[in-house]
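Spelled out, the chains give:
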Amino acid sequence: MMHPFSYAKVADVDDALAAGRRGGRYIAGGTTLVDLMRENVERPAELVDITALPLREVTATAGGGLRIGALVSMADAAAHPKVRATYPVVAQALELSASAQLRNMATIGGNIMQRTRCTYFRDVTAACNKRRPGSGCAALDGFNRGHAILGASDQCVATHPSDVAVAFAALEATVHLLGPDGERRVAFADFLLQPGGTPHQEQALRPGELINAVEIPAHPRPLKSGYLKVRDRQSYEFALTSAAVALHVRGGVIRAAKVAAGGVGTVPWKLPAVERLLVGERPSEALWSEAAARAADGARPLRHNRFKIELLKRTVERQLRIVGGMK
């Protein structure tokens, strides 16, 4: 059963923010929200179409960073020469994210805002604290093979589904926001929220705020980066685990390392222990193995997903070898 809602297409940012202040839900590609509305998981009273807003540019920033507009499609971002040349990890994550049709429609802002693919979240008859706070979490004692081993709580164990968010987390991006109180920036690590006791609060957004862009800071060069995704099938599928790696190697020594994992955490999971171990060392098989052994530090597996611990370690080790030039 589809619930009634109003629809408005806005022409400028001020109109969008005015609609957001009165409770309107922003929509662009609609590849997630429309599905959730069909399944009665989401029931917005008003949709605010923001596709006409001027947020479709990819621009270089001082020192070699990148700013990607919130309405740039996944396909356009992946194909953009600046993205491919400076941060291939982002292009690879986008190309492994979905079917070509979805990548043509879905936007960067919408992708990082997408909600979990947990089957219990999408089943309105199941207990889900993310969908209905206080109702419980059916995944805790249910079939939880695809659920989180990092960042979970006794309220929610759902993973975050975005691939490019893992690359943004690794590269320590910043989310630019526009709202009733003006502009502000939020570190990507603080934008997506771990569930804790409030799993229904998924992003650090204030009422009516709109994502303007995602900015990747400049990183030292030369920088090699890449994204590796492990899934049940090679066609369109969400990650069981993934790894985004960026390494700055100069004079045969790793000077900077950025590593994050996906498919295993309630949010894209930064791996600072792995990064610290790598910096100052010379690339070697022994180093990759030692670093990967730390990738699952703090993991709390459930009944059906203990295999993810070893899978995560192997994925991180494999991608370190690929990016580090020792396949």
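Keep in mind that what you see is a predicted model, and the values were worked out from it rather than measured.

Peer 1: Whenever I open this one, the sheet that holds strand β2 (residues 25-27) confuses me. Can you help?
Peer 2: By way of backbone hydrogen bonds, the strands of a sheet pair with one another, either parallel or antiparallel. The sheet built from three strands is open, its strands ordered β1-β3-β2 with parallel pairing. Unpaired on one side and paired on the other, β1 (6-9) and β2 mark the two borders of the sheet. Ignoring which end each strand starts from, the neighbouring axes of this sheet average 30° apart. Across three bridges, β2 lies against strand β3 (residues 46-49) in parallel orientation. Within the sheet, the bridge partner assigned to R25 lies in β3 and is L47.

Peer 1: Which parts of the structure should I look at to understand the pattern of salt bridges?
Peer 2: Pairs may arise between side chains of opposite charge once their charged atoms sit close together. In this structure the tally under the stated criterion is 18 salt bridges. For R115, the salt bridge goes to E202, with nearest N and O atoms at 2.8 Å. With R115 in the loop between α7 (108-113) and α8 (119-122) and E202 in the loop between α10 (188-191) and β8 (210-216), this residue pair connects regions lying 87 residues apart in the sequence. Taking the shortest distance from any N to any O, the salt bridge between E209 and R184 comes out at 2.6 Å.

Peer 1: I tried to follow the packing of helix α12 (residues 285-292) against helix α13 (residues 307-323) on my own but got confused; where do I start?
Peer 2: How two helices pack is summed up by the angle between their axes together with the distance between the axes. The interhelical angle for the contact between α12 and α13, taken along N-to-C directions, is 145°, at an axis separation of 8 Å. Crossing geometry of α12 relative to α13 is assigned as right-handed. From α12, E285, W288, S289, A291 and A292 reach across to α13, where they touch K313, V316, E317, L320 and R321. Along the lines of polarity and charge, the residues of the contact of α12 with α13 split into five nonpolar, one polar and four charged.

Peer 1: Would you mind showing me how to read helix α1 (residues 13-21) here?
Peer 2: The periodicity of an α-helix, 3.6 residues per turn, causes residues three or four positions apart to be oriented the same way. Every buried residue of α1 is accounted for by A16, L17, A19 and G20. One side of α1 holds all its buried residues, which, seen down the axis, span an arc of 160°. Turned more than 90 degrees from where α1 packs its buried face, D14 and R21 sit exposed. Contact partners of the buried residues in α1: β2, β3, β6 (174-179) and β8. Capping the start of α1 is the job of one residue whose side-chain oxygen sits 3.2 Å from the backbone nitrogen of D14: D12. Residue G23 follows α1 closely and has a positive phi angle near 100°.

Peer 1: When you look at the pairing of strand β11 (residues 253-262) in this model, what are you seeing that I'm missing?
Peer 2: Residues in a regular strand point their side chains to alternate faces of the sheet. With nine of its ten residues buried, β11 lies for the most part within the structure. Summarising the sheet, strand β10 (residues 241-250) and β11 pair through nine bridges and their orientation is antiparallel. Within β11, the position partnered with V245 by the bridge is V259. The turn linking β10 back onto β11 is made up of two residues, and G251 within it adopts a positive phi angle of 65°. Strand direction decides the pairing type here: β11 and strand β12 (residues 269-270), joined by two bridges, are antiparallel. Considered in β12, the bridge of A260 is made with K270. Counted along the chain from β11 to the antiparallel partner β12, the turn is six residues long, and its residue G263 has a positive phi close to 75°.

Peer 1: How should the sheet that holds strand β4 (residues 58-61) be read in this particular structure?
Peer 2: The strand order β4-β5-β8-β6-β7 describes an open sheet built from five strands, whose pairing is antiparallel. The sheet is open, and its two edges are formed by β4 and β7 (182-187), each paired on a single side. For this sheet, the mean angle separating the axes of adjacent strands, direction not counted, is 25°. Pairing between strand β5 (residues 65-69) and β8: four bridges, direction antiparallel. Residue pairing across strands places R67 opposite E215, the latter belonging to β8.

Peer 1: Teacher, can you tell me more about the nonpolar core here?
Peer 2: In this structure, V90, I112, F168, F188 and L278 are the most contacted members of the largest nonpolar core, which totals 67 residues. Ranked by residue count, the leading element in this core is helix α9 (residues 164-170), at seven residues.

Peer 1: How should the side chain of H248 be read in this particular structure?
Peer 2: Following the sequence through the fold, H248 ends up in strand β10. With a relative accessible area of 3%, H248 lands in the buried category. At a separation of 2.8 Å, a polar atom in the side chain of H248 contacts the main-chain carbonyl oxygen of P222. One polar contact links H248 to R250, side chain to side chain, over a distance of 3.3 Å. Contacts of H248, omitting those with residues within four sequence positions, involve P220, R221, P222, L223, V253, I254, R255 and A256.

Peer 1: Looking at this model, I keep getting lost on the packing of aromatic side chains. Mind explaining?
Peer 2: For any pair of aromatic rings, the description consists of the separation of the ring centres together with the inter-plane angle of the planes. Counting across every chain of the model gives one aromatic pair. Taken together, a centroid distance of 5.7 Å and an interplanar angle of 65° make the contact between F168 and F188 edge-to-face. Linking F168 in helix α9 with F188 in helix α10, this pair joins segments that are 20 residues apart in sequence. With a relative accessible area of 0%, F168 lands in the buried category.

Calculation rules
Residues numbered from 1 in each chain as written. Predicted model: local features only at pLDDT ≥ 70, side-chain atom pairs only at ≥ 80, totals over all residues. Heavy atoms only, no water. Pairing = 2+ DSSP bridges. Helix = DSSP H or I, 4+ residues; strand = E, 2+ residues; numbered from the N terminus. Axes fitted to C-alpha atoms, helices over the stretch in contact; angles between N-to-C directions. Salt bridge = Lys/Arg side-chain N within 4 Å of Asp/Glu carboxyl O. Left-handed = near helix turned anticlockwise from the far one by under 90°. Contact = heavy atoms within 4.5 Å. Nonpolar A, V, L, I, M, F, W, Y, C, P; charged D, E, K, R; others polar. Buried < 20%, exposed > 50% of the residue type's maximum accessible area, 1.4 Å probe, protein only. Arc of directions from axis to C-beta. Polar contact = N/O pair within 3.5 Å; in protein donor to acceptor, adjacent residues only side chain to side chain. Core = buried A, V, L, I, M, F, W, Y, C linked by side-chain atoms within 4.5 Å. Phe/Tyr/Trp six-rings, centres within 6.5 Å; stacked < 30°, edge-to-face > 60°.

Treat this as a map of the structure, not an account of what it does.
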